[in-house]
Amino acid sequence: MKAKPLDRVELTRRKMAFKEAMKHAHEVPAAPGAEEHQEPEIIGDICPFCGRNTLVHESGCVKCIACGWSKCG
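What counts and what doesn't
Residues numbered from 1 in each chain as written. Predicted model: local features only at pLDDT ≥ 70, side-chain atom pairs only at ≥ 80, totals over all residues. Heavy atoms only, no water. Disulfide = S-S within 2.5 Å. Helix = DSSP H or I, 4+ residues; strand = E, 2+ residues; numbered from the N terminus. Buried < 20%, exposed > 50% of the residue type's maximum accessible area, 1.4 Å probe, protein only. Pairing = 2+ DSSP bridges. Axes fitted to C-alpha atoms, helices over the stretch in contact; angles between N-to-C directions. Contact = heavy atoms within 4.5 Å.

With respect to the state of the cysteines
Line of reasoning, step 1. Taken as a whole and assessed by the stated rule, the structure comprises 1 disulfide.
Line of reasoning, step 2. Covalent S-S linkage joins Cys61 and Cys72, the inter-sulfur distance amounting to 2.0 Å. Taking the torsion about the sulfur-sulfur bond, which here is approximately 105°, the covalent link between Cys61 and Cys72 counts as right-handed. Of this pair, Cys61 sits in strand β2 (residues 61-64) while Cys72 is found in strand β3 (residues 70-72), placing the two residues 11 residues apart along the sequence.
Line of reasoning, step 3. For Cys61, a relative accessible area of 17% translates into the label buried.
Line of reasoning, step 4. You can call Cys72 exposed: its relative accessible area is 54%.

Rendered as structure tokens:
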């Protein structure tokens with residue numbers, strides 16, 4: 001089966017779409033949530049895992065609110 005040749009309008013439309021796509025090909029999209037990330041405020045002791053001052057005491061456990069590290073007991 002032989003492919004049907006494209007008419008001039010369709011060929012021009014495809015060329016324009018390709019050129020537009022190539023204009024934005026070098027752009028790297030921002031990571032999801034990149035704008036939303038905020039450094040946690042200094043709350044407590046230094047976390048042994050991430051080194052931030054974000055350890056809090058909850059229900060007999062120590063938990064880092066920055067990285068999620070925890071230790072109970």
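After presenting the structure, the write-up continues.
Side note on the sheet that holds β2
Line of reasoning, step 1. In spatial order, the strands read β1-β2-β3; together these 3 strands make up an open sheet with antiparallel pairing. Edge positions in the sheet fall to β1 (55-58) and β3, since each of these pairs with one other strand and no more. With strand direction ignored, the average angle separating the axes of adjacent strands in the sheet is 20°.

A closer look at the pairing of β1
Line of reasoning, step 1. Sheet topology places β1 next to β2; 4 bridges connect them, and they run antiparallel. Within β2, the residue paired with His57 across the bridge is Val62.
Line of reasoning, step 2. Here β1 folds back onto β2 in antiparallel fashion, the turn holding 2 residues, of which Ser59 has a positive phi close to 50°.

A closer look at unusual backbone geometry
Line of reasoning, step 1. Phi at Ser59 is positive, roughly 50°, even though this residue is not glycine.
Line of reasoning, step 2. Residue classification places Ser59 among the exposed residues on the basis of a relative accessible area of 81%.

Section: the environment of Lys71
Line of reasoning, step 1. Within the secondary structure, Lys71 is located in strand β3.
Line of reasoning, step 2. Overall, the relative accessible area of 57% leaves Lys71 in the exposed class.
Line of reasoning, step 3. Taking the C-alpha atoms as reference points, Lys71 and His57, 14 residues apart in sequence, are found 9.8 Å from one another.
Line of reasoning, step 4. In contact with Lys71, not counting residues within four places along its chain, are Cys61 and Val62.

As for the pairing of β2
Line of reasoning, step 1. Two elements, β2 and β3, share 3 bridges in a ladder whose sense is antiparallel. Following the sheet pairing, Cys61 is matched in β3 by Cys72.
Line of reasoning, step 2. Hairpin connection, β2 to β3: the antiparallel pair is bridged by 5 residues, and Gly68 has positive phi, about 95°.

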